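Listed below, chain by chain, are the residues.
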Amino acid sequence: MKKILLFIMTISLLTGCYRQSPTYKSWENFPEFPVENLGALYTPTGTTFNLWAPTASYAELLLYNQGSGGDPVKIINMLPQAGSPVWSVSDGGDMAGMFYTFRVQIDSVWYEETPGIWAKAVGVNGKRAAIVDMAKTNPEGWENDKRPEQKSFADIIIYVLHHRDMTVSPTSGIKNKGKFIAWTETGTKSTDGEMTGIDHIKDLGVTHVHILPSF
């Protein structure tokens, strides 16, 4: 009788630790994607972490002191928000400078760590997301900066580039080749006398530049 009771208690404990992953019959049934408040929401007194994971049965937050190597200093279970596929957890204190990843379980399988797609900054090779006080990243005079007037989005002409590739050529006539500051240089010309750098982009009629990710 004692063995039977022990067996029942063991089964109850194991099944109580298992949570079924949500399933959806079609894309029409899939939860709506929230557009705000995902990733790390930093304040000097604490940071809230939100992860959109509609198919997860469990989710964890892993905190690190560095962007590469080392073990997590803390692993925290995340909880799903009521009636929402968003998982959340908050931790107190000023966490600026720390790094984090998420890990989820789907159908009893734990997946690899990820910084998530909502990271505002990352560590080495983007493996871990960084917790950043965005107010401290602004250059001097940022609050006085005003972008050019935009009357219609239809007027936008976008050019996608990598800041280094655009100015690194030895024939670019640019002093700070391959650096962000190279984009402040005007009047630069190639050895053939053609405009280079920001002058070349403006001459094409481009109004907006999309800079590819830089690590």
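Preceding this paragraph is the structure being described.
Quick summary incoming for the structure in this document. All residue numbers refer to positions counted from 1 along the written sequence of the respective chain. The predicted nature of this model means local features are confined to residues of pLDDT at least 70 and side-chain atom pairs, given and counted, to a pLDDT of 80 or more, with totals for whole chains, interfaces and linings taken over all residues. Only hydrogens and water are set aside; all other atoms, that is, all heavy atoms of the structure, feed into the side-chain values.

All right, on to the sheet that holds strand E6 (residues 86-92) then. By way of backbone hydrogen bonds, the strands of a sheet pair with one another, either parallel or antiparallel. Strand pairing is defined by DSSP finding a minimum of two bridges between the two strands. Only runs of H or I of at least four residues qualify as helices and only runs of E of at least two qualify as strands under DSSP, and these elements are numbered from the N terminus. Strand order in the open sheet made by the 4 strands is E1-E2-E6-E5, with antiparallel pairing throughout. The outermost strands of the open sheet, each flanked by one partner alone, are strand E1 (39-43) and strand E5 (79-80).

In this section: the layout of surface pockets. In this structure, the largest pocket spans a volume of roughly 570 Å³. Both site types are read off a 1 Å grid over the protein atoms alone. A 1.4 Å probe that fits but cannot get out defines a cavity, while an open set with protein on both sides within 12 Å along at least five of seven lines defines a pocket; lining residues have an atom within 4 Å of a point. Along the wall of the largest pocket there are 19 residues; nearest its centre are Arg147, Pro148, Thr207, His208 and Val209. Counting residues per element, the ones that place at least two in the lining of the largest pocket are helix H3 (197-203) and strand E11 (208-211). When residues are grouped by polarity, Ala, Val, Leu, Ile, Met, Phe, Trp, Tyr, Cys and Pro land in nonpolar, Asp, Glu, Lys and Arg in charged, and all others, Gly among them, in polar. Of the residues in the lining of the largest pocket, the class split is 11 nonpolar, 3 polar and 5 charged. Grid points are joined across faces, edges and corners, and a volume is the space filled by probe spheres set on the points. Within this model, the second largest pocket holds a volume of roughly 240 Å³. Every residue lining the second largest pocket is counted, 16 residues in all, and those nearest its centre are Leu51, Trp52, Ala53, Val104 and Thr114. Within the residue set of the lining of the second largest pocket, elements represented by two or more residues are strand E2 (46-52) and strand E7 (99-106). Per-element accounting of the lining of the second largest pocket gives the leading share, 4 residues, to E7.

The next subject is the nonpolar core. Nonpolar side chains in soluble globular proteins tend to end up buried together. The nonpolar core is taken to be a set of buried Ala, Val, Leu, Ile, Met, Phe, Trp, Tyr and Cys residues, with the residues joined through side-chain atoms within 4.5 Å. Only protein chains enter the accessibility calculation, which uses a 1.4 Å probe; a residue is then buried when its area is under 20% of its type maximum, exposed when over 50%, and partly exposed in between. Phe49, Leu51, Leu61, Leu63, Met78, Tyr100 and Ile131 are the most contacted members of the largest nonpolar core, which has 24 residues in total. For leucine 51, the contacting residues outside a window of four places in its chain are Leu38, Ala59, Met78, Pro85, Val86, Trp87, Phe102, Val104 and Trp118. A contact between two residues is defined here by any heavy atoms of the two lying within 4.5 Å.

Time to look at a nonpolar patch on the surface. Only residues whose relative accessible area exceeds 30% and that form no salt bridge enter a patch; like-charged residues are grouped when within 9 Å of one another, and nonpolar side chains (Val, Leu, Ile, Met, Phe, Trp, Tyr) when within 5 Å. Here, Shrake-Rupley sampling with a 1.4 Å probe gives the accessible areas, and only protein chains in the shown set may cover a residue. The term salt bridge refers to a pairing of a side-chain nitrogen on Lys or Arg with a carboxyl oxygen on Asp or Glu at a separation within 4 Å. A cluster of nonpolar side chains, namely Ile158, Val160 and Leu212, defines an oily patch on the protein surface of about 270 Å² accessible area. Judged by relative accessible area, which is 48%, valine 160 ranks as partly exposed.

This part takes up the pattern of salt bridges. What the rule picks out here adds up to 2 salt bridges. We note a salt bridge from glutamate 60 to arginine 103, for which the minimum N-O separation is 2.6 Å. Of this pair, glutamate 60 sits in strand E3 (residues 58-64) while arginine 103 sits in strand E7, and the two are 43 residues apart along the sequence. Accessibility expressed as a relative area gives 12% for glutamate 60, which makes it buried. When the shortest N-O distance is used, the salt bridge between lysine 74 and aspartate 91 registers 3.1 Å. Separated by 17 residues along the polypeptide, lysine 74 in strand E4 (residues 74-77) and aspartate 91 in strand E6 bring together distant segments of the chain. The class of lysine 74 is partly exposed, set by a relative accessible area of 36%.

Let's shift gears to the packing of aromatic side chains. Two aromatic rings are characterised by how far apart their centres lie and by the angle between their planes. In this scheme Phe, Tyr and Trp rings, the latter by its six-membered ring, pair at centre separations within 6.5 Å, and the angle between planes marks the pair as stacked below 30 degrees, edge-to-face above 60, and tilted otherwise. One pass over the structure, following the stated rule, counts 2 aromatic pairs. Ring centres of phenylalanine 49 and tyrosine 100 lie 5.1 Å apart, and the angle between their planes is 65°; on these two criteria the pair is classed as edge-to-face. With phenylalanine 49 in strand E2 and tyrosine 100 in strand E7, this residue pair connects regions lying 51 residues apart in the sequence. Just as phenylalanine 49 is buried, tyrosine 100 falls in that class too. Ring geometry for tyrosine 100 against phenylalanine 102: centres 5.4 Å apart, planes inclined by 65°, an arrangement best described as edge-to-face. Phenylalanine 102 shares its class with tyrosine 100; the two are buried. The ring of tryptophan 110 carries arginine 103 above its face, with NZ or CZ at 5.7 Å from the centroid. Definition used: whenever NZ (Lys) or CZ (Arg) falls within 6 Å of the ring centre and also within 35 degrees of the ring normal, the charge is taken to sit over that ring. Stacked on the ring of tyrosine 64, the Lys or Arg arginine 128 has its end atom at 3.5 Å from the ring centre.

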